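This is what each chain is made of:
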Amino acid sequence: MGRITTRRSVLRIALDAETRRRADTLAVEEPLEIRVVGAPLAVTMRTPGHDVELAAGFLVSEGIIAEGAEFRSAIHCGGPGTGGSENTYNVLDVALAPGVAPPSPERARAFYTTSSCGVCGKASIDQVATTSRYDVASDGASVDAESLAAFPDLLRAQQDAFDKTGGLHAAALFDAVTGELLVLREDVGRHNAVDKVVGWAVLNDRLPLSGTVLQVSGRASFELVQKAVMAGIPILAAVSAPSSLAAELAEERGLTLVGFLRERTMNVYSHPARVRVAEPARGETLQA
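A. Examining the overall build of the protein chain more closely. Along its length, the protein chain carries seven helices and 15 strands. Residues classed as buried in the protein chain amount to 49% of the 288 residues present. Across the protein chain, contacts joining residues at least 24 apart in sequence account for 52% of those joining residues at least 6 apart. For the protein chain, the accessible area works out to roughly 13,800 Å², and carbon and sulfur atoms hold 50% of it.

Below you can see the structure in the form of structure tokens.
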């Protein structure tokens, strides 16, 4: 249970050195079936660990819950083909608080969510443009560009599993004012890493995540913007590029979207007023 990495024998080929067999460390990828009150809802390929957070964050992203009080508990149970007698730790059944309506059967995703794209099987964009209970546009949070520029390095320094495998995405939540790292999670899927961060907030009753910055290790997709909005996060920063649809959704929902956040440069694609930039000294060029 909770295996994050595994070892595998590989043939190491170096054109200028000896070819030999060696052990390599890989990121574990296994399916997780999320059930709500016993009814299957979704299957995602994930890195085991923080499964309850993953499920809680997923329920926020889907608009099923929006605060910690609506999430009651979760338990791993036996998987398909086991007769329920063997706990595979790849099936998680979630119980909601009394009075919280479970998702209707037609909302269950009849496909496997891949680790690279959580909405590929949706019939249309309209189906994933879930209405958030939180008004991100009214969040008065702002972040100093100097602090923001440091977040990718702070995130990278905490990626323990990535150091071993080179194969995991990461998402981290920072306090926009103090720059404090609140939580960091890794996963083979970028959307799963974000769900784990949001799930941490659910379990700690911290929704909405006003006044925070969500930093991700890769690109910013439409779904990551959607997840940030659903959790009430006003600022999303990525070390790589956003998609056009991500930028459009961020503009529409009032979220500040930052991309290509590398070293001391960044592109702000929507609502740039939240990024505070000091006046450059004489002869310097404004970078943000």
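From this point, the discussion proceeds with the structure in view.
B. Spotlight on the nonpolar core. Ranked by size, the top nonpolar core spans 54 residues in total, and within it Leu59 and Leu214 carry the most contacts. Ranked by residue count, the leading element in this core is helix H5 (residues 190–203), at seven residues. In this view, Leu214 contacts Ala171, Ala172, Leu173, Val194, Val197, Ala228, Ile233, Ile235, Leu236 and Ala237; residues no more than four positions away in its chain are not counted.

C. A look at the sheet that holds strand S11 (residues 212–216). Spatially, six strands are ordered S10-S9-S11-S12-S13-S14 in an open sheet, and the strand pairing comes out mixed. Each end of this open sheet is capped by a strand with a single partner; those strands are strand S10 (181–187) and strand S14 (265–270). When the angles between neighbouring strand axes are averaged without regard to direction, this sheet yields 20°. Relative to strand S12 (residues 235–238), S11 is paired through four bridges, and the arrangement is parallel.

D. Molecular detail of a positive patch on the surface. Where like charges cluster on the molecular surface, the positive patch consists of Arg7, Arg12, Arg20 and Arg22. Of all the secondary structure elements, the ones that give two or more residues to the positive patch are strand S1 (5–12) and strand S2 (20–27). Tracing the chain through its elements places Arg7 in strand S1. Looking at Arg7, the relative accessible area reads 57%, which means it is exposed.

E. Structural detail: the packing of helix H1 (residues 51–61) against H5. The geometry of H1 relative to H5 is characterised by a closest axis approach of 6 Å and an angle of 95° between their N-to-C directions. On the basis of their axis angle, the class for H1 and H5 is roughly perpendicular. When H1 is examined against H5, the residues Val52, Glu53, Leu54, Ala56, Gly57, Phe58, Val60 and Ser61 are found in contact with a partner set consisting of Asn192, Asp195, Lys196, Val198, Gly199, Trp200, Val202 and Leu203. A breakdown of the residues in the contact of H1 with H5 according to their chemical character gives nine nonpolar, four polar and three charged.

F. Quick look at the environment of Phe151. Structurally, the position occupied by Phe151 is in helix H3 (residues 145–157). Taking relative accessible area as the criterion, Phe151 reaches 1% and is therefore assigned buried. Spatially, the C-alpha atom of Phe151 lies 8.9 Å from that of Ala237, the residues being 86 residues apart in sequence. When residues no more than four places from it in sequence are discounted, the contact partners of Phe151 are Val143, Phe174, Asp175, Gly179, Val213 and Gln215.

G. Quick peek at the pattern of salt bridges. Using the criterion set out here, one finds 10 salt bridges in the structure. Ionic pairing is found between Asp187 and Lys196, a salt bridge with its closest N-O pair at 2.7 Å. By relative accessible area, Lys196 is classed as buried at 1%. In this structure, the salt-bridge partner of Glu223 is Lys227, at a minimum N-O distance of 3.8 Å. Here Lys227 and Glu223 lie together in helix H6 (residues 222–230), a separation of four residues that amounts to about one turn.

H. Examining a nonpolar patch on the surface more closely. Nonpolar side chains collect at one region of the surface, where Leu11, Ile13 and Leu15 lie side by side and expose about 370 Å² of accessible area between them. Looking at the element boundaries, Leu15 is found in the loop between S1 and S2. Its relative accessible area of 82% is what places Leu15 among the exposed residues.

About the cut-offs
Residues numbered from 1 in each chain as written. Predicted model: local features only at pLDDT ≥ 70, side-chain atom pairs only at ≥ 80, totals over all residues. Heavy atoms only, no water. Helix = DSSP H or I, 4+ residues; strand = E, 2+ residues; numbered from the N terminus. Buried < 20%, exposed > 50% of the residue type's maximum accessible area, 1.4 Å probe, protein only. Contact = heavy atoms within 4.5 Å. Areas by Shrake-Rupley, 256 points an atom, 1.4 Å probe, with all protein chains shown as cover. Core = buried A, V, L, I, M, F, W, Y, C linked by side-chain atoms within 4.5 Å. Pairing = 2+ DSSP bridges. Axes fitted to C-alpha atoms, helices over the stretch in contact; angles between N-to-C directions. Patch = residues over 30% accessible without salt bridge, like charges linked within 9 Å, V, L, I, M, F, W, Y side chains within 5 Å. Salt bridge = Lys/Arg side-chain N within 4 Å of Asp/Glu carboxyl O. Lys, Arg positive; Asp, Glu negative; His and termini not counted. Charge placed at Lys NZ, Arg CZ, Asp CG, Glu CD. Parallel < 35°, antiparallel > 145°, perpendicular 65-115°, else oblique. Nonpolar A, V, L, I, M, F, W, Y, C, P; charged D, E, K, R; others polar.

Any functional reading would require information that these geometric values do not contain.
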